[in-house]
Each structure stands twice: as C-alpha cells, then as structure tokens.
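# Secondary and tertiary structure notes
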Amino acid sequence: MDFKTLVFYILSAIMVFAALRVITSRNPVHAALFLVLSFVTAGGIWLLLAAEFLAIVLVMVYVGAVMVLFLFVVMMLDINLDRLREGFWSYLPVGALIGILLVVEMALVLGGRYFGLEAMPEPPAVQAGYSNTRELGRLLYTDYVYPFELASLLLLVAMVVAVSLTLRKRKGLRQVNPSDQVAVKRGDRVELVSMPAEKE
C-alpha cells in the first residue's frame, strides 16, 4: 500500500465518521461542525484525485460561506430540539428504505465488475504541466459556453427575484425613503425650547 492510498483510507474513514455524527448528533451546532469536517475531508479526497479546483471550490463555497451562514442561523434561532424529534420514528421506514437503496447503488457502482457490469475505463495518464482548472475553463468557455451562460442567467434571475420578494409592499410597515432622510435639515427635526431654571 503506497502513501496516497493510505491517505485516501484515512480521509475516507474520517469523512464516514463525520457524516455519521452529522445525523446522530443531538446538538445542531455539533452536527454543523461535523458537516464542516466532512466537507474538508471530501476536499482532501478531491485533491488526491488531482481535482484541485473542485477541492478549493468545495472548501470555499460550502465551508467558508454556506456552513458559516448555517451556523449563525442555528446559533441565533431558539430551536426546540424536542419538537424536532417528535416525528423521528414515523419517518424511519422511509429513511431506511432510501438508505438501503443508496447502499445498493454504491455497491453496484464500486463493484460493477463483480456483478458482470461493464467497468468504467481507466482515465488517461496526466501529462506534465496539466492543469485541470485551465482545462475546466477551456471546456466551459468553448464547448459548454451556451449552457454556462444560461446557468449564469438563471442564477441572476433567481437573485433578482429573491431581492424583489423581500422588497414588496406590506401593510402596516413603516418605511423610510433614504433620499428624504439624507436631505433633512437640523431645523426640521430639532426644536430648541427655552425653559427657565428650576427654583429651589
């Protein structure tokens, strides 16, 4: 067993342990921290597969942005854990069925050659000076430029719709016009009143 295989097994064991702790942890903050650990170890496995761009994006986007936001939301909200666990046993059969299906699918993918299925071909050898980030950029902006631009347009529309939904008019909501607020003078807001001093 070479060093790369040993590192893969170590990272895989840590990731499986962290994923199990995500679904078995009672505290949602601990579950989120274990999810961060599983993302970081998944990034390490991507690095072993020479996919540096995907590893960096996984760590930056999910760990650096999504999980930090999730942690802030979990810590700011007062979550009633007993209420969250009320329907656990009613959803257990469906969850167990989905879990068994996922295990069967992974067994077929990883052990396809033992089940008589056609195995995936070996990837070509990596040449010296090869950069998967450059290759990904070349593919995105040449062969897949139209789907890439369409996905960008859809994300832009989703962002504009999300902002417009938060800015809709609501009854009973007092809003301030920023231009009126900036143009106000001191005399419009403050009134100086002359009051005699109090007598003993």
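What you see is a predicted model; the values in this text were computed from it and never measured.

## What to know about the overall build of the protein chain
Along the backbone of the protein chain there are 9 helices and 0 strands. For the protein chain, the N- to C-terminal ordering of α and β elements is α-α-α-α-α-α-α-α-α. Pairs at least 24 apart in sequence give 54% of the contacts found in the protein chain among residues at least 6 apart. About 17700 Å² of surface is accessible on the protein chain, with carbon and sulfur atoms providing 69% of the total.

## Let's talk about the side chain of threonine 41
Inspection of the secondary structure assignment puts threonine 41 in helix α2 (residues 28–48). Residues contacting threonine 41, with those up to four places away along its chain left out, are Leu11, Ile14 and Met15.

## Comments concerning a nonpolar patch on the surface
Together, Trp46, Leu49, Phe53, Leu54, Ile56, Val57, Met60, Val61, Tyr62, Val66 and Leu136 make up a nonpolar patch on the protein surface, roughly 970 Å² of accessible area in all. Turning to its location among the elements, valine 61 is positioned in helix α3 (residues 52–76).

## Description of unusual backbone geometry
If you check the backbone angles, alanine 50 has positive phi at about 65° while not being a glycine. Take alanine 50: its relative accessible area is 38%, and that puts it in the partly exposed class.

## Remarks on the packing of aromatic side chains
Aromatic ring pairs are described here by two measures, namely the spacing of the ring centres and the angle between the planes. Using the criterion set out here, one finds 4 aromatic pairs in the structure. Taking the centre distance of 5.2 Å and the plane angle of 40° together, the rings of phenylalanine 39 and tyrosine 62 count as tilted. Of this pair, phenylalanine 39 sits in helix α2 while tyrosine 62 sits in helix α3, and the two are 23 residues apart along the sequence. Assessed through its relative accessible area of 18%, phenylalanine 39 is described here as buried.

## Remarks on the UniProt feature "transmembrane region" (unreviewed entry) in the protein chain
The positions UniProt marks with the feature "transmembrane region" (unreviewed entry) are residues 6–24, 31–49, 55–77, 89–110 and 144–167. As annotated, residues 6–24 comprises 100% helix and 0% strand, and the C-alpha atoms at either end are separated by 27 Å. Secondary structure within residues 55–77 divides into 96% helix and 0% strand; the distance between the first and last C-alpha atoms comes to 31 Å.

## Section: the pattern of salt bridges
Under the definition given, this model contains 1 salt bridge. Notably, a salt bridge pairs glutamate 135 with arginine 138, separated by 2.6 Å at the nearest N-O pair. Here glutamate 135 and its partner arginine 138 are both found in helix α6 (residues 132–141), 3 residues apart, which amounts to about one turn of the helix. Its relative accessible area of 25% is what places glutamate 135 among the partly exposed residues.

## A closer look at the packing of helix α1 (residues 3–24) against α2
Contact pair α1 / α2: the axes reach a minimum separation of 8 Å and the direction vectors enclose 155°. Between α1 and α2, the interaxial angle falls into the category roughly antiparallel. Relative to α2, α1 is oriented so that their crossing is left-handed. Touching Lys4, Val7, Phe8, Leu11, Ser12, Ile14, Met15, Phe17, Ala18, Ala19, Arg21 and Val22 of α1 are Ala31, Phe34, Leu35, Leu37, Ser38, Thr41, Ala42, Gly44, Ile45 and Leu48, all from α2.

## Observations concerning the environment of valine 29
The residue valine 29 is located in helix α2 in this model. Distance from valine 29 to phenylalanine 70, taken between C-alpha atoms, is 9.1 Å for residues 41 residues apart in sequence. Each residue touching valine 29, except ones within four places of it in the same chain, is listed here: Leu71, Val74 and Met75.

Criteria and cut-off values
- Residues numbered from 1 in each chain as written.
- Predicted model: local features only at pLDDT ≥ 70, side-chain atom pairs only at ≥ 80, totals over all residues.
- Heavy atoms only, no water.
- Helix = DSSP H or I, 4+ residues; strand = E, 2+ residues; numbered from the N terminus.
- Contact = heavy atoms within 4.5 Å.
- Areas by Shrake-Rupley, 256 points an atom, 1.4 Å probe, with all protein chains shown as cover.
- Patch = residues over 30% accessible without salt bridge, like charges linked within 9 Å, V, L, I, M, F, W, Y side chains within 5 Å.
- Salt bridge = Lys/Arg side-chain N within 4 Å of Asp/Glu carboxyl O.
- Buried < 20%, exposed > 50% of the residue type's maximum accessible area, 1.4 Å probe, protein only.
- Phe/Tyr/Trp six-rings, centres within 6.5 Å; stacked < 30°, edge-to-face > 60°.
- UniProt positions renumbered as here; feature names shortened; annotations may be inferred.
- Axes fitted to C-alpha atoms, helices over the stretch in contact; angles between N-to-C directions.
- Parallel < 35°, antiparallel > 145°, perpendicular 65-115°, else oblique.
- Left-handed = near helix turned anticlockwise from the far one by under 90°.

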